[in-house]
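A closer look at the structure
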There are 2 protein chains.
Amino acid sequence: MEYNFSDKLAKLKPSAIREIFKSLTDPSIIAFAAGNPAAESFPVDELARLSSEIYAESPVSALQYGTTEGYMPLRRAVEARLKEKFNIGRSVAAGDKYNDMTCIVSGGNQGIELSCKVLCNDGDVVIAEDPSFIGALNAFRSNGAVTLGVPLRDDGIDTDALEAMLDSQPKAKLLYLIPTFQNPAGITTSLEKRRKVYDIARRHGVIILEDNPYGELRFAGNDIPTIKSMDEDGIVIYCSSFSKILSAGMRIGYITAPETLMQKIVVAKQVEDVHTNQFFQMLCYKYMTECDLDAHINDVRAIYRRKCGLMLDSLDRELPKELKFTRPEGGLFIWCTLPEKIEMNEYVRRCLARKVALVPGSAFCPVEGAPCNSVRMSYSTATDEQIVEGCRIIGEVAREMLGE
Amino acid sequence: MEYNFSDKLAKLKPSAIREIFKSLTDPSIIAFAAGNPAAESFPVDELARLSSEIYAESPVSALQYGTTEGYMPLRRAVEARLKEKFNIGRSVAAGDKYNDMTCIVSGGNQGIELSCKVLCNDGDVVIAEDPSFIGALNAFRSNGAVTLGVPLRDDGIDTDALEAMLDSQPKAKLLYLIPTFQNPAGITTSLEKRRKVYDIARRHGVIILEDNPYGELRFAGNDIPTIKSMDEDGIVIYCSSFSKILSAGMRIGYITAPETLMQKIVVAKQVEDVHTNQFFQMLCYKYMTECDLDAHINDVRAIYRRKCGLMLDSLDRELPKELKFTRPEGGLFIWCTLPEKIEMNEYVRRCLARKVALVPGSAFCPVEGAPCNSVRMSYSTATDEQIVEGCRIIGEVAREMLGE
């Protein structure tokens, strides 16, 4: 049978990462390719205890249909936390120009996808950092948007290039950014650049979509204000999730945006999945209010601080100096750029043949097929031994290919 | 702030039912408007026990990212059940022309939305029974499709009108049907009509989307084969869910379609929510394999048999004969058509003023704004006393409006 697919979907390919994920079930592979949080980051015992309580206390509300906006107590708890930790959440009552509204979504990716769906027509342009998160890029493409990239520098997106891009792209609707511990590059945008980006977007009438799934995972350096906290004008949509701090498999995220925008996003969510899993929304709420989320996050940070430190030390020791890599202050990812002499796809193939899985950097190019000579590495799920051994192997492969 | 929404979403309104749902938190309202399953239909004790087992046995896989296609053991269990109960699932190995593939989605609505997304460009036409399920109609509209309706008769869609519609609509891509215990009408399509519809769709090169969320809830009459079971040519997508038999709030559904089509649907799902809640997928699987799902479904059927019988008896007794209503053999809904003398919106308003909530039938019109003088009633969540009292009230309001 031949089927006539929609134009939007006809070209869309499965995410390279999700495909790699399937192959990661082979336990002999060292999984530097995964974007999964560490298994130790899930507070299993507390979740088990709180789940029993839900079944005992309010089973029917946990198993019955809920509202599309999300479980109200969880929405309120998330709002309170966003205000406290990130100074997010404007209200007219507090003297702001507009009201923000927070809703629960089925993982951060849904928030990203819905934002694009309500704003972009076929052929509208979404601008992202180059490289950027493939799940978001594909979400934009699935809505018929054209994705374009602006180079990501050590301190964030290249603002001159961004300004030039916006001047030349009248159909630009959305600017997608992961300012903190960027996926895939591990880079954090400086405060100065965040202010500049906000100003550029405002002047060009473009909505910023700030994706911050790793924001609480800082293990070095100092916090930098979110772009959303600067949003006097109501031009920023903020997305995040519990995936990296409580459970990725439960698919609970949240989205904060000016009320008018948010109401449209709710309509779009309603037709996708009606609402997010009600039981786990209640579970998140109970965890936030009955357990010590901050203490738990500190534990998670300690895991990644150690793992990232181990990987950076190993890379310092093992990689030839021609390979350059980022030094993240949080999150899950390191971005490694190869010298011209090493062809990226061949490097990834040879590493995989030696049982180390890396993600080809080309997966993260906003413009598909653009040249890319980098790879993404994650330290989140590998054991300490695997990190040391994996770095040794990828160093060895690099030296081979450099002809050393 | 003014935002420029996408054309698709600019016009889309929140579902009237979901909005009514929000008002149903008022316990003094008799909720004939709800589409919620009965609270008694959730096997709370078993789900609680099995949940504890998951935390004890495999917490990390339950809380970690999963594959977009769904938890493999659950997919296999659903496939086996679909084969056994509905003769669904073709395979080349068994001598069929193509392979079917089953994936897990986040509630039946996501399956419907994804099917449209992968097939329809802006302006393509989806044909539905008139009336039809508003959640599906809005899902089609959110993808830029135009929804058109073909009258639903007592034995299913009007096949002559369908043939004429398809002849005149070259952009028709999808034919959306709920052949069993239709929402909102409670009507079941006859076997003869199912065969006819399949033949018409095949000849016109249109894909059938068969939605069957109530299929297991038959409490009278005999089973009729699904359209998917007739699908020699690979033109039927089949959607269903666990919402009406295990839990609506968990948002677990499934979709079966020819492999080529299904692979595209998986790509589309990946960008929406990556995958469905992993814990509850495992929970469904455990329930299917460790508990007696058939016995549980028999209990649920008994609940609705009794409630539906009570409502039909009450309507027979209370409603003036000018009001006509359907007599469902399963599912949750009764469709009541008012005489010309009673204006539908005014009737709904007056009933609500007397604390009985009905859904205005106009919500279910494939063509928005088309005239409709019917209402949808559900017997699923009201208590026995509420059913009797609610029918008395809506009868009284009808007599008032008829000037009796």
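Look a little higher up for the structure.
Everything in this summary refers to the structure shown in the same document. Here the structure is a predicted model, which means the values were calculated and not measured. (Residues numbered from 1 in each chain as written. Chains lettered and ligands numbered in written order. Predicted model: local features only at pLDDT ≥ 70, side-chain atom pairs only at ≥ 80, totals over all residues. Heavy atoms only, no water.)

What follows covers the overall build of chain A. Looking only at helices and strands, chain A features 14 helices and 14 strands. Computed over C-alpha atoms, the radius of gyration of chain A comes to 21 Å, within 12% of the 22 Å expected from 2.2 N^0.38 for 404 residues, which places it in the range of a compact globule. The principal-axis extent of the C-alpha atoms belonging to chain A is close to 65 × 55 × 55 Å. For chain A, the centre of its 47 positive side-chain charges and the centre of its 56 negative side-chain charges are spaced 1 Å apart. (Helix = DSSP H or I, 4+ residues; strand = E, 2+ residues; numbered from the N terminus. Rg over C-alpha atoms; globule rule 2.2 N^0.38 Å. Lys, Arg positive; Asp, Glu negative; His and termini not counted. Charge placed at Lys NZ, Arg CZ, Asp CG, Glu CD.)

This paragraph deals with the interface of chain B and chain A. Chain B puts 82 residues into the contact, and the matching count from chain A is 82 residues. For the pair chain B and chain A, the interface holds two salt bridges. In this structure, glutamate 113 of chain A engages lysine 117 of chain B in a salt bridge whose closest nitrogen and oxygen atoms are separated by 3.3 Å. Summed over the shared surface of chain B and chain A, the result is 40 residue pairs in polar contact (both at pLDDT 80 or more). Of all the secondary structure elements, the ones that give two or more residues to the side of chain B that touches chain A are helix H1 (7-10), helix H2 (16-23), helix H3 (44-57), helix H4 (59-63), helix H6 (108-119), helix H7 (134-142), helix H10 (259-273) and helix H11 (278-290) of chain B. For the side of chain B that touches chain A, the element with the most residues is H10 of chain B, which contributes nine residues. (Contact = heavy atoms within 4.5 Å. Salt bridge = Lys/Arg side-chain N within 4 Å of Asp/Glu carboxyl O. Polar contact = N/O pair within 3.5 Å; in protein donor to acceptor, adjacent residues only side chain to side chain.)

Right, let's talk about unusual backbone geometry for a bit. Residue asparagine 183 of chain A is joined to proline 184 of chain A through a cis peptide bond whose omega torsion reads 15 degrees. Residue position: proline 184 of chain A is located in the loop between strand E6 (172-177) and helix H9 (191-204). Residue proline 131 of chain B follows aspartate 130 of chain B across a cis peptide bond; omega there is 10 degrees. Within the fold, proline 131 of chain B resides in the loop between strand E3 (125-130) and H7.

Before going further, it helps to spend a moment on the environment of glutamine 270 of chain B. If you trace the backbone, glutamine 270 of chain B turns up in helix H10. As a C-alpha pair, glutamine 270 of chain B and isoleucine 303 of chain B span 33 residues in sequence and 37 Å in three-dimensional space.

Below, the discussion takes up the sheet that holds strand E10 (residues 324-325) of chain A. Residues and elements named next belong to chain A. The sheet built from four strands is open, its strands ordered E10-E11-E14-E13 with antiparallel pairing. Both edges of this open sheet fall to E10 and strand E13 (359-360), since each of them pairs with a single strand only. Along the sheet, helix H13 (residues 344-353) contacts E13 and strand E14 (374-378); its crossing angle with E14, the most-contacted strand, is approximately 35 degrees. (Pairing = 2+ DSSP bridges. Axes fitted to C-alpha atoms, helices over the stretch in contact; angles between N-to-C directions.)

With an RMSD of 0.0 Å, the operation that places chain B on chain A is a rotation of 180 degrees combined with a shift of 0.0 Å along the axis. Taken together, the rotation and translation relating the two chain copies correspond to the operation of a two-fold axis. A shared binding surface is used by both copies, with 99% of the interface residues of chain B retained as interface residues in chain A. (Least-squares fit on C-alpha atoms with pLDDT ≥ 70 in both.)

Residue and element names in this part refer to chain B. At a minimum axis distance of 9 Å, the contact between H6 and H7 shows a crossing angle of 30 degrees. For the pair H6 and H7, the crossing hand works out as right-handed. Facing H6, whose interface residues are Asn109, Ile112, Glu113 and Cys116, H7 presents Gly135, Ala136, Ala139, Phe140 and Ser142. Classifying every residue of the contact of H6 with H7 by side-chain character gives five nonpolar, three polar and one charged. (Left-handed = near helix turned anticlockwise from the far one by under 90°. Nonpolar A, V, L, I, M, F, W, Y, C, P; charged D, E, K, R; others polar.)

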